[in-house]
Amino acid sequence: MHHFPDAKAVVGALSPDEPVILDRPHAASRAARFFVEKFPGKSLYAVKANPSPDLLRVLWEAGVTHYDVASIAEVRLVRSILPEATLCFMHPVKTPRAIAEAYHEHGVKVFSLDCQEELEKVVTATRDDDGNDAADLALLVRLRVSSEHAELSLASKFGVDLADATGLLQSTRQVADTFGICFHVGSQAMTPFAYVQAMERVRAAIVAASVTVDVIDVGGGFPSVYPGMEPPPLEDYFGAIHNANESLPISYSSELWCEPGRALSAEYNSLIVRVERRRGTELFINDGAYGALFDAAHVGWRFPVRKVTAEGMADSASPLAEFAFYGPTCDDADYMAGPFLLPEDIGAGDFIEIGMIGAYGATMKTGFNGFGGATVVTAEDEPMASLYRGDRDIVRRDNVVSLR
Ligand SMILES: *Cc1c(COP(=O)(O)O)cnc(C)c1O
């Protein structure tokens, strides 16, 4: 793979017709080391955020040993790349064949569930040829919690309601060797309080069922940094989670897990696109809603952008103005409202770097309308923003955090 110092060098060398995805392994490695060293428990990488084999190897080398997978294809992928990784099958609705293959062929012992039917499915699919129940299952019941503090809700689809949890917790405890409770506060949770609130619900569930709990898994939701979304430092999340966990009615030896997807992968990729046409304040670019910019189109996510001039060329001195993007396909929905701030003289033929697309960006690319292609290169410069560089200037006021 080609290595370049930065996007300027890529544009200078390639003047690329297709979008270019820039990998920054050093940024992903720094994020992983941060979680491995500072999260007060075990960090499972949520593979769906970005299943790039290169990224998986970077995370493994930085010390991430556990992987949250959600489909049999993700199980096979991670197993083929990281034969020694611990895989945790955390989708609460799985097929019996997927469970059986994961358990019997890939050594997966950790499963999540949120209803009695799924519990029965897991128990049946993991029996041996003589019909004996598996004695080594780690089963985590997914509790429904609020997504009110997150930018993207994960509250409607999965999770058993607190009011219905008691029976499921007790019957799961009976068949599990290791028994846990998991939840997901929603993606891009903007305050540590989201986790504290969720753990209050976990407490209520444990007390009502009076079960012994071996694992508390606080899920994903750890934020990254985007225009208009400046979260508090991750240390604040880790501290709040640690304190809440300490006060739960669980044994001293119980484990604390988390499942970061976005926070480990967002800084790994940026994207270079070219402006093919300008119409007023709308820029027609060569990637979009069916490519790496799915979230920009479908949930109005604002990624950081900058104009890229080739190496040796002067940067634009023109003031910034607000633009919207159209992607390359023939679909009206291939539209990203932004607003994206770029030099007001930008036009056809100019290149733009779009940052922070490592999470739920690069992985969303489709071939719709023939526009799926991209060149992938490695870049050595800093990502356009970082939660891990330690240079954000943050003001804390009670629960409110802002940037100076
Ligand atoms: C998507 C997902 C994650 C990762 O969420 P992020 O918000 O990217 O951290 C973790 N766990 C489960 C079960 C998920 O579905």
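Residues numbered from 1 in each chain as written. Predicted model: local features only at pLDDT ≥ 70, side-chain atom pairs only at ≥ 80, totals over all residues. Heavy atoms only, no water.

### A word on the packing of helix 4 (residues 72-81) against helix 5 (residues 96-106)
Relative orientation of the contacting elements helix 4 and helix 5 amounts to 20°, with a least axis distance of 9 Å. Comparing the axis directions of helix 4 and helix 5 gives the class roughly parallel. As for the relative orientation of helix 4 and helix 5, their crossing is left-handed in sense. When helix 4 is examined against helix 5, the residues Ile72, Val75, Arg76 and Arg79 are found in contact with a partner set consisting of Ala98, Glu101, Ala102 and His106. Of the residues assigned to the contact of helix 4 with helix 5, the class counts are four nonpolar, one polar and three charged. (Axes fitted to C-alpha atoms, helices over the stretch in contact; angles between N-to-C directions. Helix = DSSP H or I, 4+ residues; strand = E, 2+ residues; numbered from the N terminus. Parallel < 35°, antiparallel > 145°, perpendicular 65-115°, else oblique. Left-handed = near helix turned anticlockwise from the far one by under 90°. Contact = heavy atoms within 4.5 Å. Nonpolar A, V, L, I, M, F, W, Y, C, P; charged D, E, K, R; others polar.)

### A look at unusual backbone geometry
Cis geometry is found at the peptide bond from Gly338 to Pro339, where omega equals 0°. Here Pro339 is to be found in strand 17 (residues 335-343). A positive phi angle, near 40°, is found at Ser15, a position not held by glycine. On the secondary structure map, Ser15 appears in the loop between helix 1 (7-14) and strand 2 (20-23). A positive phi is found at Ser210, a non-glycine position, where the angle reads about 35°. Structurally, the position occupied by Ser210 is in the loop between helix 8 (193-209) and strand 11 (215-217).

### Structural notes on the nonpolar core
Among the nonpolar cores identified, the biggest contains 109 residues, and Phe35, Tyr67, Val218, Phe222, Ile352 and Ile354 are the most heavily contacted of them. With eight residues, the single largest contributor to this core is helix 8. Those residues in contact with Ile354 that lie beyond four places of it in its chain are Ser270, Leu271, Val273, Ile285, Leu293, Phe303, Pro304, Val305, Phe325 and Met384. Grouped together as the second largest cluster of nonpolar side chains are twelve residues, Phe4, Ala9, Val11 and Ala379 included. (Core = buried A, V, L, I, M, F, W, Y, C linked by side-chain atoms within 4.5 Å. Buried < 20%, exposed > 50% of the residue type's maximum accessible area, 1.4 Å probe, protein only.)

### Digging into the environment of Val196
Among the secondary structure elements, Val196 is positioned in helix 8. We classify Val196 as partly exposed; its relative accessible area is 26%.

### Topic: the site of the ligand
As a matter of local geometry, the ligand sits amid 14 residues, with Lys48, Ser187, Glu259, Arg262 and Tyr360 nearest to it. Side-chain polar atom of Glu259 to a nitrogen atom of the ligand: 2.5 Å apart, as the coordinates give it. One nitrogen or oxygen atom from the main chain of Gly261 is found 2.9 Å from an oxygen atom belonging to the ligand. Compared with its free state, where it exposes 390 Å², the ligand has 91% of that area covered by protein. In the shell around the ligand, the residues fall into four nonpolar, five polar and five charged. (Near = heavy atom within 4 Å. Polar contact = N/O pair within 3.5 Å; in protein donor to acceptor, adjacent residues only side chain to side chain. Areas by Shrake-Rupley, 256 points an atom, 1.4 Å probe, with all protein chains shown as cover.)

### Section: the UniProt feature "domain: Orn/DAP/Arg decarboxylase 2 N-terminal" (unreviewed entry) in the protein
Residues given the UniProt feature "domain: Orn/DAP/Arg decarboxylase 2 N-terminal" (unreviewed entry) here are residues 34-266. From the first C-alpha to the last, residues 34-266 spans 14 Å; its make-up is 39% helix and 17% strand. (UniProt positions renumbered as here; feature names shortened; annotations may be inferred.)

### Brief notes about helix 7 (residues 165-175)
Ala165, Leu168, Leu169, Ser171, Thr172 and Arg173 are the residues of helix 7 that are buried. Contacts made by the buried residues of helix 7 are with strand 6 (110-113), helix 6 (116-125), strand 7 (138-142), strand 9 (178-182) and helix 8.

### What about the domain arrangement of the protein?
When cut into domains, the protein gives domain 1 (3-22 + 266-379) and domain 2 (25-265). Distance between the C-alpha centres of domain 1 and domain 2: 33 Å. Taken together, the contact between domain 1 and domain 2 spans 17 residues of the former and 24 residues of the latter. Contact between domain 1 and domain 2 buries roughly 1,800 Å² in total, counting both sides, with carbon and sulfur atoms accounting for 60%. When the buried area of domain 1 at its contact with domain 2 is split by residue, Tyr268, Trp301 and Tyr360 rank highest and sum to 43% of it. Across the domain 1-domain 2 interface, the total number found is six residue pairs in polar contact (both at pLDDT 80 or more). (Domains from an automatic or database assignment. Buried area = accessible area lost by both parts, 1.4 Å probe.)

### Regarding the packing of aromatic side chains
Applying the stated rule across the entire model yields 19 aromatic pairs. Taking 5.2 Å as the distance between ring centres and 65° as the angle between the ring planes, the aromatic pair formed by Phe34 and Tyr388 counts as edge-to-face. Here Phe34, found in helix 2 (residues 25-38), pairs with Tyr388, found in the loop between strand 19 (375-379) and strand 20 (394-397); they are 354 residues apart in sequence, far enough to count as distant. Tyr388 shares its class with Phe34; the two are buried. (Phe/Tyr/Trp six-rings, centres within 6.5 Å; stacked < 30°, edge-to-face > 60°.)

### Focus on the packing of helix 6 against helix 7
Between helix 6 and helix 7, whose axes approach to 10 Å, the crossing angle comes to 10°. Classified by the angle their axes make, helix 6 and helix 7 are roughly parallel. For the pair helix 6 and helix 7, the contacting residues are Gln116, Leu119 and Val123 in the first and Leu168, Ser171, Thr172 and Val175 in the second.

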